[in-house]
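Architecture and fold: a report
Residue-level listing of the chains:
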Amino acid sequence: VTPEEGRQGASARAYARTPFVIATGAKNNSAGLTLRRLVEIYSGKVTRWPDGSPIRLVVRSDFDVDTIAMRAFSPEMSTAITAALVRKGLRMADTDQDNADALEQLPGSLGTTTLTQIVTENRAIRPLALDGVTPTLQSLTTGDYHYFKTLYLVTGRNPSPLAKDFVAFVRSPAGQAVLARSGNLPLQE
């Protein structure tokens, strides 16, 4: 919620976290990457998978939340992303669905998504381990996996009865169970 939206009565409450994942198509046999190798891929120093096939990087715009989140991985990752965004021939995805489609369809794809999107949309996308840690709800819960997106419920000053009911459901045990089944770590207030 921006400061102006807050002045107008909007409020945001965090309700879940989902692993933010580095991913490839389901047919790719790679199990994972190190952060160092990821930097090398985004910077263009590494352009092939271990089997010799080309890596087809799927990137988001510089102002996309996925790009911003990846820049926070490390200063080296931020520099590598800057290099990737000016490199010719990379696939630019404008929306989460365009991104997931590209990850599924491009042989040798590599990009970002969330566990929630993979699970809820039944995507043929393989989340990759990063530095030996698989992005699961378990590894997020234990703190072993450090990369996540926080999801928020945003309401106006006077939410409708339907909006209030939805927020109450998300916070209920039944809603929390739905969140967990769909790749989210429910957060308690």
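Before reading further, recall that the structure is shown in the block above.
Everything quoted here is computed from the prediction, not taken from an experiment. (Residues numbered from 1 in each chain as written. Predicted model: local features only at pLDDT ≥ 70, side-chain atom pairs only at ≥ 80, totals over all residues. Heavy atoms only, no water.)

1. A few points about the packing of aromatic side chains
- Evaluation of the coordinates by the stated rule reveals three aromatic pairs.
- Arranged with centres 6.0 Å apart and planes meeting at 75°, the rings of Phe20 and Phe73 form a pair that is edge-to-face. Residue Phe20 is located in strand 1 (residues 11-25), and its partner Phe73 is located in the loop between helix 3 (65-71) and helix 4 (75-86); the two are separated by 53 residues in the primary sequence. As far as the burial class goes, Phe20 and Phe73 line up, both buried.
- With a centroid separation of 5.6 Å and 80° between ring planes, the pair formed by Tyr145 and Tyr147 is classed as edge-to-face.
- Classification of Tyr145 as buried rests on a relative accessible area of 3%. (Phe/Tyr/Trp six-rings, centres within 6.5 Å; stacked < 30°, edge-to-face > 60°. Helix = DSSP H or I, 4+ residues; strand = E, 2+ residues; numbered from the N terminus. Buried < 20%, exposed > 50% of the residue type's maximum accessible area, 1.4 Å probe, protein only.)

2. Observations regarding the pairing of strand 3 (residues 56-59)
- Pairing between strand 3 and strand 5 (residues 109-114): two bridges, direction parallel. Looking at strand 5, one finds that Arg56 is bridged to Ser109.
- Sheet analysis places strand 3 next to strand 4 (residues 91-92), joined by two bridges and oriented parallel. Across the sheet, the residue bridging to Val58 is Arg91, located in strand 4. (Pairing = 2+ DSSP bridges.)

3. Quick notes on the pattern of salt bridges
- Counted according to the given criterion, the structure contains 11 salt bridges.
- For Asp66, the salt bridge is made with Arg60, and the minimal N-O distance between the two is 3.5 Å.
- Look at Asp66 and you get buried, because its relative accessible area is 2%.
- Between Lys149 and Asp66 there is a salt bridge; the shortest N-O distance is 2.4 Å. Residue Lys149 is found in strand 8 (residues 148-155), and its partner Asp66 is found in helix 3; the two are separated by 83 residues along the sequence. Here Lys149 and Asp66 have matching classes, each one buried.
- The network of salt bridges with shared partners includes Arg60, Asp64, Asp66, Asp96 and Lys149. (Salt bridge = Lys/Arg side-chain N within 4 Å of Asp/Glu carboxyl O.)

4. Thoughts on a nonpolar patch on the surface
- A grouping of Val1, Tyr152 and Val154 is seen on the molecular surface, where their side chains present a nonpolar patch of about 310 Å² in accessible area.
- Within the fold, Tyr152 resides in strand 8. (Patch = residues over 30% accessible without salt bridge, like charges linked within 9 Å, V, L, I, M, F, W, Y side chains within 5 Å. Areas by Shrake-Rupley, 256 points an atom, 1.4 Å probe, with all protein chains shown as cover.)

5. Some details on the pairing of strand 1
- As judged from the eight bridges shared by strand 1 and strand 8, these two strands associate in the antiparallel manner. Within strand 8, the position partnered with Thr18 by the bridge is Lys149.
- In the sheet, strand 1 pairs with strand 9 (residues 185-186) via two bridges, with the strands oriented antiparallel. Residue Ala16 lies in a different strand from strand 9, and its bridge partner there is Pro186.
- As paired elements, strand 1 and strand 5 share four bridges and run antiparallel to each other. Bridging from a neighbouring strand, Ala23 pairs with Gly111 of strand 5.
- As paired strands, strand 1 and strand 6 (residues 125-127) are joined by three bridges and run antiparallel to one another. Bridging from a neighbouring strand, Gly25 pairs with Ile125 of strand 6.

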